[in-house]
Amino acid sequence: MNAKSQLQNAIDAALQGVDISGVAPETLQVARATNPQFGDYQWNGALPLAKALKMKPRDIAADVLARLDVSDIAETPEIAGAGFLNFRIKTSWLGNALDEAARSERLGVARVAKSRRIVIDYPSPNVAKPLHVGHIRTTFIGDAVARLLRFAGHQVVSDNHIGDWGTPVGKVIVGWKKYRDEAAFERAPLDEMGRLYALVNEACERERAAMEEARLETAKLQSGDAENRAIWEILRAGSLPQLNALWARVGVQTDEILGESFYQPMLAEVIEELKAKGVATESQGALIIPFEDDAHLSDKPMMVRKSDGSALYATTDLATVKYRMERWAPDEIIYVVDARQSDHFRQLFAAAKKWGYREVRFKHVAFGTILGEDGKPISTRAGVTSKLETLLDEAQKRATAMAREKNPALPDAQGAEIGRVVGIGALKYADLAPNRTSDYGFSWDKMLATQGNAAPYLQYAYARIQSIFRKAQSEGIEMENAPIRLVEASEIALGKQITRFGEAIDAALVDYRPNALCDYLYELAGSFAAFYRDCPVTQAGAEVRLSRLALCDLTARVLQTGLGLLGIETLEQM
Ligand code: ARG
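For every chain, the first residue of the written sequence is number 1, and numbering continues from 1 along that sequence. Totals for whole chains, interfaces and linings use all residues, but because this is a predicted model, local features are given only for residues with pLDDT of at least 70 and pairs of side-chain atoms are given and counted only at 80 or more. The basis for every side-chain value is the complete set of non-hydrogen atoms in the structure, without hydrogens or water.

A. Structural view of the overall build of the chain. Think of it this way: any DSSP run of H or I at least four residues long counts as a helix, any run of E at least two long counts as a strand, and we number them from the N terminus. The helix and strand inventory of the chain stands at 21 helices and 13 strands. For the chain, the proportion of its 574 residues judged to be buried stands at 52%. Excluding contacts between residues fewer than 6 apart, the proportion of contacts in the chain whose partners are at least 24 apart in sequence is 73%. Here Asp and Glu are counted as negative and Lys and Arg as positive; His is not counted, and neither are the chain ends. To locate a charge, take NZ of a lysine, CZ of an arginine, CG of an aspartate or CD of a glutamate. Between the mean site of the 69 positive side-chain charges and the mean site of the 76 negative ones, the chain shows a separation of 2 Å. Only protein chains enter the accessibility calculation, which uses a 1.4 Å probe. A residue is then buried if its area is under 20% of the maximum for its type, exposed if over 50%, and partly exposed in between. Any pair of residues with heavy atoms lying within 4.5 Å of one another is described as a contacting pair.

Here you go:
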């Protein structure tokens, strides 16, 4: 168990019998020390408690301290300032924790005590046209969250809820009937669909009649028209392999791909049920779910059937909730979708609760927009490679060139492999490192930096350690599972950072923010750099050398596992 949880348990035990009902639980949490001068961890809970109990914070701190037993993990804590408890980790605990981590496949990270069943909905793009830059966020964030949850010990079902049924598809059907180029479709189905979509979409923007036509073809598809259904089958059969190949290229594979089309046969029954239960009511020919008792939604009812009888995105999403509940009985359903859909999800969650799904937790993991250098959303900018495939090509090309520059003698195949791992890793990391809810600026230079908070820097740290091992091996140094014993300050700092891996995973899972893990890995790579600068490894005396090699190995494994949880690969040599 990591130091933080161990300290927390001790604090919780010391608080037994104290009335904590008046304070917010998160204010009683042990936290990383804000300044390493004061120690490694701190507990500030005496302050809010003092307020609630009308006592002096220092008295409470002294009281807690008197009952606190942290002797196997920390030096005797001091009370500081207004009543903070500062903890300094014992080197003996640290050595044992590192040895234990080195022996364990999970690097000392405990599984959650209670494993939950979780459905996660990503990347769920609309598939009438090629994927574009705008799709990387749901793909990479969703994948990282799914991997983190699995590692933590939850039972995860990932479901790619592709949009294969709405008006965009209707537009492609119009285009297919009028302008299709079957040879082009054979070659690259999504591109041909994209071309047809663009042609028709442009016409729709110009003339009402074109829009009417697209609506009509969509409605025909949705009401079971044989011709449109057949075209739809062709489009789907053609495009799915191309989509799957693209997802495979970025290492993303979901357990299910149940698109919107999958739920169409269930919609009528869902609508009936919503009516019968009084959840939905008729309003001017349409069927809506009102939310009078919700301040944010009171003027935003959710429409589940239009006055022309057709169902909507929201109707499909309600059917999807029902299906998921019946099939997997999840404790939680997570939707990794653009923040611009937050009203839709508020409505959906409120509607599902009214419908009776009250036990399950619904969570919208929202994210901001990727901006170009001009501050505008990158996917709408002219001239930017907005097709995802082109973007991946470009990332790989740039990363390959970088590797070549560093080592002109690099064989072609190896250069390409480095380019792939570094290029795609850089794109992913750039997307995961910022807080997901903020917008971020797209910059090749920043994401491909070999110094600073970027994937190549972390991948280099891993590769560098592997090169230390190669050197050690060439010098005939045996690597055995030696105990890790730390002496130098930067060595101790690295050791402490390694033991915080589990804390970083916990932090990333609190509100599904992979950036907490990015921050951790970046700090770990920094600690390693400082250690490597200060402490000789292969040149050190026999016993110290073995301990340091083991420390290097553990660092590399944490880097590799951590990057792996972000969906990022590592290389033995760069
Ligand atoms: N296809 C939608 C879009 O591209 C996102 C779907 C998200 N998932 C869901 N269950 N609504 O905007």
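B. Here's a closer look at the pattern of salt bridges. Within this document, salt bridges are pairs made up of a side-chain nitrogen of Lys or Arg and a carboxyl oxygen of Asp or Glu, the two lying within 4 Å of each other. All chains considered together, the criterion is met by 43 salt bridges. Across the pair D164 and R236 runs a salt bridge whose closest N-O atoms are separated by 3.0 Å. Residue D164 is located in the loop between β6 (155–159) and α6 (167–179), and its partner R236 is located in helix α10 (residues 226–249); the two are separated by 72 residues in the primary sequence. Note that K300 is salt-bridged to D299, the shortest N-O span being 3.9 Å.

C. Summary view of the layout of surface pockets. Roughly 1100 Å³ of internal volume is contained in the second largest pocket. A cavity, in this analysis, means grid points on a 1 Å lattice covering only the protein atoms where a 1.4 Å probe fits yet has no way out; a pocket is instead an open set bounded by protein on both sides within 12 Å along at least five of seven lines, and a residue lines either one if it has an atom within 4 Å of a point. In terms of lining residues, the second largest pocket is bounded by 42 residues, among which N2, G502, E503, A504 and D506 are the most central. Residue assignment for the lining of the second largest pocket shows that the elements contributing at least two residues are α1 (3–14), α4 (91–103), α5 (136–152), α18 (489–499), α19 (501–510) and α20 (515–534). When residues in the lining of the second largest pocket are grouped by element, the largest group, 9 residues, is from α19. For the lining of the second largest pocket, a count of residues per class yields 20 nonpolar, 11 polar and 11 charged. Grid points are joined across faces, edges and corners, and a volume is the space filled by probe spheres set on the points. In this count, Pro and Cys sit with the nonpolar residues alongside Ala, Val, Leu, Ile, Met, Phe, Trp and Tyr, while Asp, Glu, Lys and Arg are called charged and the others, Gly among them, polar.

D. Spotlight on helix α2 (residues 46–53). Every buried residue belonging to α2 is among A46, L49 and A50, and all of these are buried. Along α2, the residues classed as buried sweep out an arc of 100 degrees about the axis, all on the same side. Buried residues belonging to α2 abut β2 (41–43) and α3 (57–67). As used here, the arc is the angular range of directions from the helix axis to the C-beta atoms.

E. Main features of the sheet that holds β6. The parallel open sheet is built from 4 strands, whose spatial order is β6-β5-β10-β11. Two strands bound the open sheet, and with one partner strand each, they are β6 and β11 (361–367). On average, each strand axis in the sheet is inclined to that of its neighbour by 20 degrees, with strand direction left out of account. Two strands make a pair as long as DSSP finds a minimum of two bridges between them. Note that strand β10 (residues 332–338) and β11 share 7 bridges and pair parallel. Residue E332 lies in a different strand from β11, and its bridge partner there is R361. In this analysis an axis means a line fitted to C-alpha atoms, helices contributing only their contacting stretch, and an angle means the value between N-to-C directions, from 0 to 180 degrees.

The values reported here are purely geometric and, on their own, carry no functional implication.
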